[in-house]
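One letter stands for each residue in the lines below.
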Amino acid sequence: LFFGLPGNPVSCLVTKALFVDTAVRRMQGMDSDACLHPQMTVTLAGGDVTLDAERPEYHRATLVSTAAGVHAYSTGVQRSSRLLSMLGANALL
């Protein structure tokens, strides 16, 4: 089995998290529903998140749980070559 991943570091990490990890879990015998990433509704905090209207895009974020619910904060500039955006990120929007 072979997985072709993008060359930019952040693109590679995001693609691995979305596709490779899921495929490996499935090959280990996990139920297909258990292989999917958890999804939840959050409140965007700390500014707007702008996504590309032409193609699917994932925004790196940090989730913080409060008494008022779960809030998502952007990790900053989201260029595919900007590894700093992965630091502290625990979610993809």
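Data block above holds the structure.
Below: a short report on this structure.

Reading the values: the criteria
Residues numbered from 1 in each chain as written. Predicted model: local features only at pLDDT ≥ 70, side-chain atom pairs only at ≥ 80, totals over all residues. Heavy atoms only, no water. Helix = DSSP H or I, 4+ residues; strand = E, 2+ residues; numbered from the N terminus. Polar contact = N/O pair within 3.5 Å; in protein donor to acceptor, adjacent residues only side chain to side chain. Contact = heavy atoms within 4.5 Å. Pairing = 2+ DSSP bridges. Salt bridge = Lys/Arg side-chain N within 4 Å of Asp/Glu carboxyl O. Buried < 20%, exposed > 50% of the residue type's maximum accessible area, 1.4 Å probe, protein only. Expected span 1.5 Å × (residues − 1). Bend = angle between axes of the 7 residues up to and from the residue. Lys, Arg positive; Asp, Glu negative; His and termini not counted.

1. Description of the side chain of glutamine 78
Next, step 1: On the secondary structure map, glutamine 78 appears in the loop between β3 (69-74) and β4 (91-92).
Next, step 2: Here arginine 60 takes part through its backbone nitrogen, which lies 2.7 Å from a polar atom of the side chain of glutamine 78.
Next, step 3: In this structure, glutamine 78 is in contact with Tyr58, His59, Arg60 and Ser85, ignoring residues within four places of it in sequence.

2. Some words on the sheet that holds strand β1 (residues 43-45)
Next, step 1: The strand order β1-β3-β2-β4 describes an open sheet built from four strands, whose pairing is mixed. Lying at the two open borders of the sheet, with one neighbouring strand each, are β1 and β4.
Next, step 2: With two bridges connecting them, strand β2 (residues 60-66) and β4 associate as antiparallel partners. Looking at the pairing, alanine 61 lines up with alanine 91 of β4.

3. Overview of the pairing of β2
Next, step 1: With six bridges joining them, β2 and β3 adopt antiparallel strand pairing. Note on β3: the bridge partner recorded for valine 64 is histidine 71.
Next, step 2: As consecutive antiparallel partners, β2 and β3 are separated by two residues.

4. Comments concerning the pairing of β3
Next, step 1: Where β1 lies against β3, three bridges are found, and the strand directions are parallel. When the bridges of β3 are listed, alanine 45 appears paired with tyrosine 73.

5. Here's the deal with the pattern of salt bridges
Next, step 1: In this structure the tally under the stated criterion is three salt bridges.
Next, step 2: A salt bridge links arginine 55 to aspartate 52; the nearest nitrogen and oxygen atoms lie 3.4 Å apart.
Next, step 3: Taking relative accessible area as the criterion, aspartate 52 reaches 30% and is therefore assigned partly exposed.
Next, step 4: Among the charged side chains, a salt-bridge network with shared partners connects Asp52, Arg55 and Glu57.

6. Observations concerning helix α1 (residues 9-27)
Next, step 1: Taking 1.5 Å as the rise per residue, α1 with 19 residues should run 27 Å; its terminal C-alpha atoms sit 25 Å apart, in good agreement.
Next, step 2: Along its length, α1 reaches its greatest deviation from straightness, about 40 degrees, at lysine 16.
Next, step 3: Those residues of α1 lying buried are Val10, Val14, Thr15, Leu18, Val20 and Thr22.

7. Re the side chain of arginine 60
Next, step 1: With respect to the helices and strands, the residue arginine 60 is situated in strand β2.
Next, step 2: Put simply, arginine 60 is tucked away with no salt bridge, and the nearest opposite charge, on glutamate 57, sits 7.0 Å away.
Next, step 3: Among the polar contacts made by the side chain of arginine 60, one reaches the side chain of serine 85 at a distance of 2.9 Å.
Next, step 4: Look past the residues within four positions of arginine 60 in its chain and what remains in contact with it is Val10, Val14, Ser74, Thr75, Val77, Gln78, Arg79, Ser85, Met86, Ala89, Ala91 and Leu92.

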